[in-house]
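Below are the chains, spelled out letter by letter.
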Amino acid sequence: MSTTSTTNMNVGDWSETYVFFRLLGDRKICACDEYLNRTNETFPVLKIKRAKDKKSVVVCRFNSILNTWEVFDGDAEIVQINATEGTSEADDLLLKIQDKTKDAKKYNKAIKFLQRLHIETIKSDSTHKQDITLQIGDVRAGADPVCGFSIKSYLGQAPTLLNSSKDCTNFLYEIEGIPANDINKLNEIDGILDLLAELKNRNANLVFACCCSNTFACNLEAIDTNAEKIIGELLKVHYLEQKKSVAEATEDLISTNPLKLRKPDTYKIVVKRLLEVVALGMTPGTEWNGETDNTSGIIIVKPDGDMVTYHVYNRDAFKQYLYLSTLFDRPSRTRHQYAKLFEQDGKVYMKLAIQIRFRKPKSK
């Protein structure tokens, strides 16, 4: 059996394997508060489903009598391993990930362990939001549900929550106060902040028009009927007022209330809900049915390798964590085709792109 080439695998990819190894060793995962501090709530891990390849999974079931993991490829049991082996492999892989040298051979030990478990891929299929599936012991429900989890790792660069795509994540604004014959001159300004500063100096007014993607617009509407307008105004605050933090930009909206909402706190409610559903499965380019049933939580790997989770039960803490821990990012203007003025039907327009990533965690 051959394992997928590791040449193009990054820290985030290897973090998924690290989580798998660590779960085999710990046989449990701890919940956390909005600051990623562990709480007293712990979920025992009874079963782990890990991608074998793009089409199938390997299933690990813990036998409490034998105190071993029984590993199945389909219906066939292929091997039994002790939890201590998972701990050992996780510890070793963590050191290799934290070693910044670009040597693919340093992962050979981890690859051999994966091969022993008949696993051929380092990371899950990117078309699925769930990176790993667990059956957990659930004291609250008095049952042992099977839950999909996405994985976000701080072992490398801070992970991205919402990736930008020119076809899905651009928002359109009409630029009032700028004549069409000034478009070419303004587009010669290189930096986006310099361009926006010049628009402000000219007292130009950016009026939100629409989300450029009908699919993303429909997904936002499923969150709230005002969500498209709220995110459009939120993005404008980020670019014009240089509010990098999602929370800071949202608080600005609450203060100024550009949509004249009866309850300004609605801005925060909608923004938190957007962050939550993106984390649990909604993507801008895929039609969303309003449900997050396929993903029940998120596993976060902190910079020191500690692992915590947000489950559906601590949803309020999860949303607060996302709200306090996310930043706007600015993708390539050329690649994502935004921040250039253009004329259409006698009016001047410009697109702005949304991309959101996590900031490095802070302790309370």
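Above this note sits the structure.
Remember, it's a predicted structure, so these values are computed and weren't measured experimentally. (Residues numbered from 1 in each chain as written. Predicted model: local features only at pLDDT ≥ 70, side-chain atom pairs only at ≥ 80, totals over all residues. Heavy atoms only, no water.)

**Some remarks on the nonpolar core**
Next, step 1: Phe-171 and Leu-199 are the most contacted members of the largest nonpolar core, which totals 69 residues.
Next, step 2: Counting residues in hydrophobic clusters, the runner-up holds 43 residues, among them Leu-23, Phe-43, Val-58 and Tyr-107. (Core = buried A, V, L, I, M, F, W, Y, C linked by side-chain atoms within 4.5 Å. Buried < 20%, exposed > 50% of the residue type's maximum accessible area, 1.4 Å probe, protein only.)

**Examining unusual backbone geometry**
Next, step 1: With a phi angle near 60°, Asn-67 is a residue other than glycine that sits in the positive phi range.
Next, step 2: Mapped onto the elements, Asn-67 comes out in the loop between strand 3 (57–63) and strand 4 (68–73).
Next, step 3: Residue Asn-67 is classed as partly exposed on the basis of its relative accessible area of 45%. (Helix = DSSP H or I, 4+ residues; strand = E, 2+ residues; numbered from the N terminus.)

**Thoughts on the side chain of Asn-219**
Next, step 1: Within the secondary structure layout, Asn-219 lies in helix 6 (residues 214–223).
Next, step 2: On the basis of relative accessibility, which here comes to 1%, the residue Asn-219 falls in the buried class.
Next, step 3: In terms of polar contacts, Asn-219 uses its side chain to reach the backbone carbonyl oxygen of Thr-283, at 3.2 Å.
Next, step 4: What Asn-219 contacts, discounting residues up to four positions off in sequence, is Met-282, Thr-283, Pro-284, Thr-286, Glu-287 and Trp-288. (Polar contact = N/O pair within 3.5 Å; in protein donor to acceptor, adjacent residues only side chain to side chain. Contact = heavy atoms within 4.5 Å.)

**Considering helix 6**
Next, step 1: Of all the positions in helix 6, only Phe-216, Ala-217, Asn-219, Leu-220 and Ile-223 are classed as buried. Buried residues in helix 6, looked at end-on, bunch into an arc of 160°, giving them a common side. Exposed residues pointing more than 90 degrees away from the buried face of helix 6 are listed as Asn-214 and Glu-221.
Next, step 2: In this structure, the buried side of helix 6 is in contact with strand 9 (170–176), strand 10 (205–211), helix 7 (227–241) and helix 9 (266–279). (Arc of directions from axis to C-beta.)

**Describing the environment of Pro-44**
Next, step 1: Secondary-structure assignment places Pro-44 in strand 2 (residues 38–51).
Next, step 2: By relative accessible area, Pro-44 is classed as partly exposed at 35%.
Next, step 3: When the C-alpha positions of Pro-44 and Leu-134 are compared, they lie 9.8 Å apart, and in sequence the two are 90 residues distant.
Next, step 4: Aside from chain neighbours lying at most four places away, what touches Pro-44 is Arg-27, Lys-28, Gln-135, Ile-136 and Gly-137.

**Here we look at the packing of helix 1 (residues 11–26) against helix 2 (residues 83–98)**
Next, step 1: At a minimum axis separation of 6 Å, helix 1 and helix 2 run at an interaxial angle of 155°. In terms of their interaxial angle, helix 1 and helix 2 are classed as roughly antiparallel. The interaxial crossing formed by helix 1 with helix 2 has left-handed handedness. Facing helix 1, whose interface residues are Val-11, Trp-14, Ser-15, Thr-17, Tyr-18, Phe-21, Arg-22, Leu-24, Gly-25 and Asp-26, helix 2 presents Ala-83, Gly-86, Thr-87, Glu-89, Ala-90, Asp-91, Leu-93, Leu-94 and Ile-97.
Next, step 2: A per-class count over the contact of helix 1 with helix 2 returns 10 nonpolar, five polar and four charged. (Axes fitted to C-alpha atoms, helices over the stretch in contact; angles between N-to-C directions. Parallel < 35°, antiparallel > 145°, perpendicular 65-115°, else oblique. Left-handed = near helix turned anticlockwise from the far one by under 90°. Nonpolar A, V, L, I, M, F, W, Y, C, P; charged D, E, K, R; others polar.)

**Regarding the pairing of strand 4**
Next, step 1: Summarising burial for strand 4: six of the six residues are buried, a large majority.
Next, step 2: Burial along strand 4 is two-sided: the face carrying Thr-68, Glu-70 and Phe-72 and the face carrying Trp-69, Val-71 and Asp-73 are both buried.
Next, step 3: Taken together, strand 3 and the strand that follows it, strand 4, pair antiparallel across an intervening segment of four residues, in which Asn-67 is found at a positive phi of about 60°.
Next, step 4: The hairpin formed by strand 4 and strand 5 (residues 76–82) contains two residues between the paired strands, and Gly-74 there has a positive phi angle of roughly 70°. (Pairing = 2+ DSSP bridges.)

By themselves these figures say nothing about function.
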